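Each chain is listed here by its residues.
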Amino acid sequence: MRYLPLTPDDREQMLARIGVRDMDSLFRDVPKLAVVGRSAFDLPDHQGEMAVERALAKMAGRNVAAGSVPFFCGAGAYRHHVPAAVDHLIQRSEFLTSYTPYQPEIAQGTLQYLYEFQTQVALLTGMDVANASMYDGSTATSEAVLMAQRITRRPKAVLSGSLHPHYAETTATLAALGGKVVHAPCTPGKSEDIAALIDNETACVVVQSPDVFGLVRDLRPIADAAHAKGALLIAVVTEIVSLGLIESPGAMGADIVAAEGQSIGNGLNFGGPYVGLFATREKNLRQMPGRLAGETQDAAGKRGYVLTLSTREQHIRREKATSNICTNSGLCCLAFTIHLSLLGEEGFARLARANHARAATLAERLAAIKGVSLVTPSFFNEFTLKLPRPAAVVVDELAERGILAGVPAQRLMPHDAQVRDLLIVAATETVTDEDCDALAKGLAEVLA
Amino acid sequence: MNNQGRPSGSGEAQTAELATISGDRGLDHEEALIFELGREGMTGVDIPEVQLSEQHLGGLRRQGPVGLPGLSEPEVVRHYVRLSRMNYAIDAGLYPLGSCTMKHNPRLNEKMARLPGFGDLHPLQPQQTVQGALLLISELMKWLTTLTGMPAVAMSPKAGAHGELCGLLTIRAALQARGETRPRILVPSSAHGTNPATAALAGFTVDEVPPKGDGHVDADVLKAKLGPDVAAIMLTNPNTCGLFERRVKEIADEVHKVGAYFYCDGANFNAIAGRVRPGDLGIDAMHINLHKTFSTPHGGGGPGAGPVVLSEALAAFAPLPLLVHDGGAFRLVEHADEAPTGAKPFGRMCAFHGQMGMFVRALAYMLSHGADGVRQASEDAVLSANYILASLKDVMSAPFEGPCMHEALFDDSFLEGTGVTTLDFAKAMIDEGYHPMTMYFPLVVHGAMLIEPTESESKESVDRFIHVLREMALEAKAGKRARFEGAPHFAPRRRLDETSAARKPILRWKRKDDVKEAAE
């Protein structure tokens, strides 16, 4: 077996040194009833690289890759162009096959990029500090709510009705254990009256912008309303590229930002692995979950980086830790950091403008189709259309024509009758004029 | 000397420290922060400028720059290549971190995860366009349930600790369905920190169970602590001392007798996969670290994946989404009321369907190894650890009788009176070209050194490692402290000041002007 270097001779010699006759002797503590032979497993034997590649390529071939068709899906995961250098660099052995940087003397590469990542996330979100990542945007959001409950010592979390439903469910699963979760009504394309739900029991308000329908939200009045009652504003961003064009949540008064970083550096990957971004104000630092890289000096006086403030973390604080998170999204952070470094200030702003321009043109064009209207007056690279028919059916019909037209809102909210005809359409820089032509033509035809 | 006057001999080796003009040392380059490089207006990605109307921005256009530096592609590539060279890696050398399982990461797995048919799929595409992806998940589920002998598996947890949380929330839901609330969870004091942290996060109180002198959990104390208020025990098996809990079945039976559940931390499944089925031991839930046992790369701390296998008693409560096969096709159940009869999902662990990129890698690993190779890998891992234990226990000190599983545990009693600590010993390994072993864990052993060689090392490699550790131990005992004091000497950095890093945390770069302003 190509991955196993020991030979039968080696094994014999090693057993002799240990002083046992066979492998069974090494497993002697295992109860006999639990020891099974090869025949207990109805699974194939080992295979060569070609055979494995063939088997998996066959499965891959049964899927419609986003890049192979006109493609407009978003709703929390976005298809962007990732420069070739990113994927090359993250596959360097020293990054790919290293562990969490617990030995800083031989992990400065990882520690420094985490420090750069933290800085980038703080800058993008307009916050003071950011951690070294969470699993994804949804778990970052639920951790943010738990953090707000700890800081305010209040139980209630108010979730916007336009928060991505998967994020809302993930958060409710966890935050309802020791507190209370209130869902504001869902008002596609409009801001709901969330201020009315904030009371003296409220730990936090969770608002996504752009929201799940693509609507860009002004967070300032919500921040004011929350702060007036001593609650925190948690801003959620699922499309981080939007911050190249839209005002940062920090500048609009957010106390914690929980975001999905997939759009920068990371592919769609059918939903994971992604990278959760988590940032907050300096004063909340000690309640923050997750790893942190910090600057320090070595014994020779050279600048270097270490994992720090680990007294917040599970391996030190055990049941009193701020979170149970251990492994996070290291390599996805690296992809994010490299891609954003390649873009730089100028490239990032241009990328954001290219996305918005593409979406704006497409929205106007599709809204001109008979029976179709634009639900979201403001948006970044994603908008919602009201169709004259159930959107799920239209999406299926367009899929048959080889067009992935977007996400029907009902896929996320099956019980909300008002969203039945709503189609969430994303258009990033990867969408071509031909793709837009195909969608406009296809949509007009299936609706005719 | 050749005829151009170019010296061709190797010359005299300079032994004294030579300071270089650049501050770099040959292949070892110092590297500034990305924020200290570059210049305004530069970019490493060419994106055409577009006409922009602000009509749809809702008056919320960003005011002011983000503050990112501008660099060209070659500059960015060089920066991150230089950073990479400051890292140790399993590809470069033996990485004996106990409990972390640094085994070989086959590149085939990377290649497969990047097939557009997997890597370029959107999680919310119409399900008829992702049947191959759902088939892959279903195949992986079959491998995981077959290898563990458990009937069901929840695939969405994103790492080991996330899997623990999923397992405990499943248990909570099962108790609720029985109309019970049980507050207490028993956790051995040798457990990974994630276990008590997870129990607390899931709303339980943690009751610690001490170990016995032999490194096994004290089954009698554990049994005495069981009662109608105990929701579950969380036991790592093989345990963090590197031993198989020999009374595990008896413990499981007692746990079930009081109506509690048995959560197993599966971080060490790689010692027994293909040889022992956790399902036969009475386990109700166990997470599997795909990034340990099935070799999806650690990537400097993630991403991982932590699917949770579940017993018959818990299967119905697995979180959304569920994968079902009906009408000749796979279907993802994303909402509770679409679930098959009997299913009562407790909620959702994360957006979408889990770590697909890791699933592809793990299945590539499994298909490559086959059931025979998975078994052989476990055996080789256990064999190498025992070989290390047998080869070093005369010069280092092993607190427990073997045989061990895939990890060899030593304590620091062999260093007593030498003035050398576990930390010194571990850091001196860096100078010898090795990553240190896990140290000061498990907490139940003084100055612990936990060594996990994995199945990926040749006998020659393990022999070399043993030789180095033997010589180090002998030197320490002989009072030769030079190589230990202040080690490492030959790493990109000397020991770093962690105390001041925590006392006055600097967690991000700031512009010099901003730092100055803040100080004024």
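Residues numbered from 1 in each chain as written. Chains lettered and ligands numbered in written order. Predicted model: local features only at pLDDT ≥ 70, side-chain atom pairs only at ≥ 80, totals over all residues.

Notes on the overall build of chain B
What counts is decided by this rule: Only DSSP runs of H or I covering at least 4 residues are called helices, and only runs of E covering at least 2 are called strands; the numbering of each starts at the N terminus. We call two residues in contact when the distance between their C-beta atoms, placed using the backbone, is within 7 Å.
Counting secondary structure elements, chain B contains 14 helices and 12 strands. The dimensions of chain B, computed from C-alpha atoms along their principal axes, are 85 × 75 × 55 Å. In chain B, of all internal contacts separated by at least 6 residues, the share reaching a separation of at least 24 is 71%.

Concerning the overall build of chain A
To keep it simple, the criterion reads: For this measure, only C-alpha atoms enter the radius of gyration; the expected value for a globule follows 2.2 Å times N^0.38, where N is the number of residues. Neighbour counting defines burial: a residue surrounded by 20 or more other C-beta atoms within 10 Å of its own C-beta is buried, one with 12 or fewer is exposed, and intermediate counts give partly exposed, using backbone-placed C-beta atoms.
Along the backbone of chain A there are 14 helices and 13 strands. Rg of the C-alpha trace for chain A: 25 Å, near the compact-globule value of 22 Å for 448 residues, within the 12% margin. In terms of overall dimensions, chain A has C-alpha extents of about 80 × 50 × 50 Å along its principal axes. Counting the 448 residues in chain A, one finds 62% classified as buried. Here the analysis covers contacts within chain A between residues at least 6 apart in sequence; of these, 73% occur between residues at least 24 apart.

Some thoughts on the domain arrangement of chain B
How big an interface is tends to be reported as the loss of accessible area on association of its parts. All names here are of chain B. To keep it simple, the criterion reads: Each domain's extent is set by a domain assignment, obtained either automatically or from a database. Under the scheme applied here, ten amino acids are nonpolar (Ala, Val, Leu, Ile, Met, Phe, Trp, Tyr, Cys and Pro), four are charged (Asp, Glu, Lys and Arg), and all others, including Gly, are polar.
Domain boundaries assigned for chain B yield domain 1 (108–365) and domain 2 (373–492). Taking only C-alpha atoms into account, the centre of domain 1 sits 31 Å from that of domain 2. With 19 residues of domain 1 at the contact, the number on the domain 2 side is 20 residues. The class makeup of the residues in the side of domain 1 that touches domain 2 is 9 nonpolar, 8 polar and 2 charged.

A look at the sheet that holds strand E10 (residues 408–410) of chain B
Residues and elements named next belong to chain B. This is how the line gets drawn: When DSSP locates at least two bridges between a pair of strands, those strands are taken to pair.
Taking strand neighbours across the sheet as the criterion, the 3 strands line up as E10-E12-E11 in an open arrangement whose pairing is antiparallel. Strands with a single pairing partner mark the edges of an open sheet, and in this sheet they are E10 and strand E11 (438–439). Summarising the sheet, E11 and strand E12 (residues 449–451) pair through 2 bridges and their orientation is antiparallel. Pairing of Met-439 across the sheet is with Met-449, part of E12.

Here we look at unusual backbone geometry
Between Leu-320 of chain B and Pro-321 of chain B the backbone carries a cis peptide bond, its omega angle lying at -5°. Inspection of the secondary structure puts Pro-321 of chain B in the loop between helix H9 (312–315) and strand E8 (322–326). A positive phi angle, near 50°, is found at Asn-269 of chain A, a position not held by glycine. Structurally, Asn-269 of chain A can be placed in the loop between strand E6 (256–260) and strand E7 (276–280). Exposure remark for Asn-269 of chain A: the 28 C-beta atoms within 10 Å place this residue in the buried category.

Points about helix H6 (residues 194–201) of chain B
Most of H6 of chain B is tucked away: 8 of the 8 residues are buried. Taken residue by residue, H6 of chain B has Thr-194, Asn-195, Pro-196, Ala-197, Thr-198, Ala-199, Ala-200 and Leu-201 of chain B as its buried positions. Against helix H10 (314–317) of chain A together with helix H5 (160–177), strand E2 (184–188), strand E3 (205–209), strand E4 (230–236) and strand E5 (261–265) of chain B lie the buried residues of H6 of chain B. Gly-203 of chain B, located one to two residues past H6 of chain B, shows a positive phi value of around 90°.

Here's the deal with the pairing of strand E4 (residues 202–208) of chain A
All names here are of chain A. Note the cut-off: The definition of a right-handed crossover adopted here requires that, viewed with the strands pointing away, the path from the first strand over the helix to the second runs clockwise.
A large share of E4 lies buried, amounting to 7 of its 7 residues. Pairing of strand E2 (residues 156–159) with E4, which is carried by 4 bridges, proceeds in the parallel orientation. Bridged to Val-158 within E4 is Val-205. Where E4 and strand E5 (residues 232–237) come together, 5 bridges link them in parallel fashion. The residue bridging Val-207 from the neighbouring strand is Ala-235, located in E5. The parallel pair E4 and E5, bridged by helix H9 (residues 220–228), forms a crossover whose chirality is right-handed.

Here's the deal with the interface of chain A and chain B
Taken together, the contact between chain A and chain B spans 165 residues of the former and 175 residues of the latter. The dominant element in the side of chain A that touches chain B, judged by the number of residues it contributes, is helix H11 (residues 330–367) of chain A, at 21 residues. The class makeup of the residues in the side of chain A that touches chain B is 83 nonpolar, 50 polar and 32 charged.

Quick word on the environment of Ala-199 of chain B
Within the element layout of this structure, Ala-199 of chain B appears in helix H6. Once residues within four sequence positions are removed from consideration, Ala-199 of chain B is found in contact with Glu-319 of chain A together with Leu-168, Ile-185, Val-187, Phe-204, Val-206 and Met-234 of chain B.

Brief notes about the sheet that holds strand E7 (residues 308–310) of chain B
All names here are of chain B. The cut-off we apply is this: Orientation is described by axes fitted as lines to C-alpha atoms, over the contacting stretch for helices, and by angles from 0 to 180 degrees between their N-to-C directions.
Spatially, E1-E7-E6-E5-E4-E2-E3 is the arrangement adopted by the 7 strands of the open sheet, whose pairing is mixed. Each end of this open sheet is capped by a strand with a single partner; those strands are strand E1 (152–154) and E3. Sheet twist, expressed as the average angle between the axes of neighbouring strands with direction ignored, equals 25°. Here E2 pairs with E3 via 5 bridges, running parallel. Note that in E3 the partner of Leu-186 across the bridge is Asp-207. With respect to the sheet, H5 is in contact with E1, E4, E5, strand E6 (285–287) and E7, its orientation differing from that of E6 by roughly 165°.

Brief notes about the packing of helix H1 (residues 8–18) of chain A against helix H10 (residues 356–392) of chain B
A pair of packed helices is captured by two measures, namely the crossing angle of their axes and the spacing between those axes. Just so we agree on the cut-off: Roughly parallel means an angle under 35 degrees; roughly antiparallel means over 145; roughly perpendicular covers 65 to 115; every other angle is labelled oblique. Left-handed is the label given to a crossing in which the near helix is rotated counterclockwise from the far helix by less than a right angle, and right-handed is the label when the rotation is clockwise.
Between H1 of chain A and H10 of chain B, whose axes approach to 9 Å, the crossing angle comes to 40°. The pairing of H1 of chain A with H10 of chain B is recorded here as oblique in orientation. Of the two elements, H1 of chain A crosses H10 of chain B, and the hand of that crossing is left-handed. Side by side, H1 of chain A and H10 of chain B meet where Arg-11, Met-14, Arg-17 and Ile-18 of chain A of the first sit next to Leu-383, Asn-386, Tyr-387, Ala-390 and Ser-391 of chain B of the second. Of the residues in the contact of H1 of chain A with H10 of chain B, the class split is 5 nonpolar, 2 polar and 2 charged.

Things to note about the nonpolar core
Our working rule: Working definition: the nonpolar core is a set of buried Ala, Val, Leu, Ile, Met, Phe, Trp, Tyr and Cys residues, joined through C-beta atoms within 7 Å.
Counting 319 residues, the largest nonpolar core has Val-205, Val-206, Leu-233 and Ile-234 of chain A together with Ala-232 and Leu-310 of chain B as its most contacted members. If one sorts the elements of this core by residue count, H10 of chain B sits on top with 22 residues. Dropping the residues within four chain positions of it, Ala-232 of chain B is found in contact with Leu-168, Ile-171, Ile-185, Ala-260, Tyr-261, Phe-262 and Tyr-263 of chain B.

Regarding the packing of helix H7 (residues 137–152) of chain A against helix H8 (residues 165–178) of chain A
Residues and elements named next belong to chain A. Where H7 meets H8, the axes come as close as 8 Å, and the angle between the chain directions of the two elements is 40°. When the interaxial angle is binned, H7 and H8 end up oblique. In this structure, H7 meets H8 at a crossing whose hand is right-handed. Contacts from Gly-137, Ser-138, Thr-139, Thr-141, Ser-142, Val-145, Leu-146 and Gln-149 of H7 reach H8 at His-166, Tyr-167, Thr-170, Thr-171, Leu-174 and Ala-175. Within the contact of H7 with H8, the residues separate by chemical class into 5 nonpolar, 9 polar and no charged.

Regarding the pairing of strand E9 (residues 329–333) of chain B
Two faces, one strand: in a regular strand the side chains alternate between the faces of the sheet. All names here are of chain B. As defined by bridge partners, E8 adjoins E9 across 5 bridges and the pair is classed as antiparallel. By the bridge assignment, Leu-322 is partnered in E9 with Val-333. From the end of E8 to the start of E9, which pair antiparallel, there are 2 residues, and Gly-327 there has a positive phi angle of about 60°.

Some words on the domain arrangement of chain A
Each domain of chain A was delimited in the assignment, giving domain 1 (8–51), domain 2 (66–82 + 345–447) and domain 3 (84–338). Distance between the C-alpha centres of domain 1 of chain A and domain 3 of chain A: 44 Å.

Thoughts on the environment of Gly-163 of chain B
Residue and element names in this part refer to chain B. As for its placement among the helices and strands, Gly-163 is situated in helix H5. Once the C-alpha coordinates of Gly-163 and Ala-199 are considered, the two residues, 36 residues apart in sequence, prove to be 12 Å apart. Once residues lying within four places of it in the same chain are set aside, the contact partners of Gly-163 are Pro-157, His-287, Gly-306, Pro-307 and Val-308.

Some words on the environment of Glu-485 of chain B
All names here are of chain B. Inspection of the secondary structure puts Glu-485 in the loop between helix H12 (459–477) and helix H13 (498–503). Here Glu-485 falls in the exposed class, since 12 other C-beta atoms lie within 10 Å of it. For Glu-485 and Gly-419, which are 66 residues apart along the polypeptide, the C-alpha to C-alpha distance reads 9.2 Å.

A look at the confidence of the model for chain B
Put simply, the rule is: Each residue carries a pLDDT score, the predictor's confidence in it, ranging from 0 to 100.
Averaged over every residue, the pLDDT of chain B is 95; residues scoring 70 or more account for 97%. At the level of chain-chain contacts, confidence expressed as ipTM amounts to 0.98, with global pTM at 0.97.

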